[in-house]
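Take a look at the letters that make up each chain.
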Amino acid sequence: MAEVKHYKRAEMTFEAYGGPPGSAEISRLVGPDMSSTMGVGIAKFDGCSIDWTVLYDEMIIVIEGWFRLKHPGGVIEAGPGDVIWLPEKTPITYEGEKAIVCYALYPVDWRKRHSL
């Protein structure tokens, strides 16, 4: 059985995820080594634009700043406290201005399922 974990913000480590221009960083907190079902992390976006097709269901909660998500149905401008739901196989663009978001995704083993 997995243990209860407490992630302190000051102790999180981030790795570059995108840019230039701008920057994006990610701190992967829960992955396949901890959970057989879901993944969780914190991401930062500032002045960048990252194209991606989500290969999993994803929920994004904006913690700070302004987060922008472009998708086939339009553009979502989201601020602190806003929540965005993305179904699997949605083509998107992540953007932000000093944005910090928490994300949760399912299934955690999406990389294996899609041979990436």
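Bear in mind that the values here come from a model prediction, so they are computed numbers and not experimental data.

Take the packing of aromatic side chains next. The geometry of an aromatic ring pair comes down to the distance between the two centres and the angle between the two planes. If you walk through the whole model with that rule in mind, you get five aromatic pairs. Between Phe45 and Phe67, the ring centres sit 5.5 Å apart and the planes meet at 55 degrees, which makes this aromatic pair tilted. Here Phe45 is found in strand β3 (residues 39-46), whereas its partner Phe67 is found in strand β5 (residues 57-71), with 22 residues between them in sequence. The pair formed by Phe45 and Phe67 is uniform in burial state, with each residue classed as buried. Every member of this aromatic cluster is reached through a ring pair, and the members are Phe45, Phe67 and Tyr94. The ring centre of Phe14 lies 4.1 Å from the NZ or CZ of Lys44, which sits over that ring.

This brings us to unusual backbone geometry. Cis rather than trans, the peptide bond between Tyr106 and Pro107 has omega equal to 5 degrees. Take Pro107: it is sitting in the loop between β8 (91-106) and α1 (110-113). The backbone phi angle of Lys89 is positive, close to 75 degrees, even though this residue is not glycine. In this fold, Lys89 is placed in the loop between β7 (83-86) and β8. Judged by its relative accessible area of 58%, Lys89 is exposed. For Lys98, which is not glycine, the phi dihedral falls at a positive 50 degrees.

Our focus in this paragraph is the side chain of Arg68. Checked against the element boundaries, Arg68 lands in strand β5. Separated by 3.0 Å, the side chains of Arg68 and Glu77 make a polar contact. In this structure the side chain of Arg68 is engaged in a polar contact, spanning 2.8 Å, whose partner is the side chain of Glu95. When residues no more than four places from it in sequence are discounted, the contact partners of Arg68 are Val75, Ile76, Glu77, Thr93, Tyr94, Glu95, Gly96 and Glu97.

Analysis parameters
- Residues numbered from 1 in each chain as written.
- Predicted model: local features only at pLDDT ≥ 70, side-chain atom pairs only at ≥ 80, totals over all residues.
- Heavy atoms only, no water.
- Phe/Tyr/Trp six-rings, centres within 6.5 Å; stacked < 30°, edge-to-face > 60°.
- Helix = DSSP H or I, 4+ residues; strand = E, 2+ residues; numbered from the N terminus.
- Buried < 20%, exposed > 50% of the residue type's maximum accessible area, 1.4 Å probe, protein only.
- Lys NZ or Arg CZ within 6 Å of the ring centre and 35° of its normal.
- Polar contact = N/O pair within 3.5 Å; in protein donor to acceptor, adjacent residues only side chain to side chain.
- Contact = heavy atoms within 4.5 Å.

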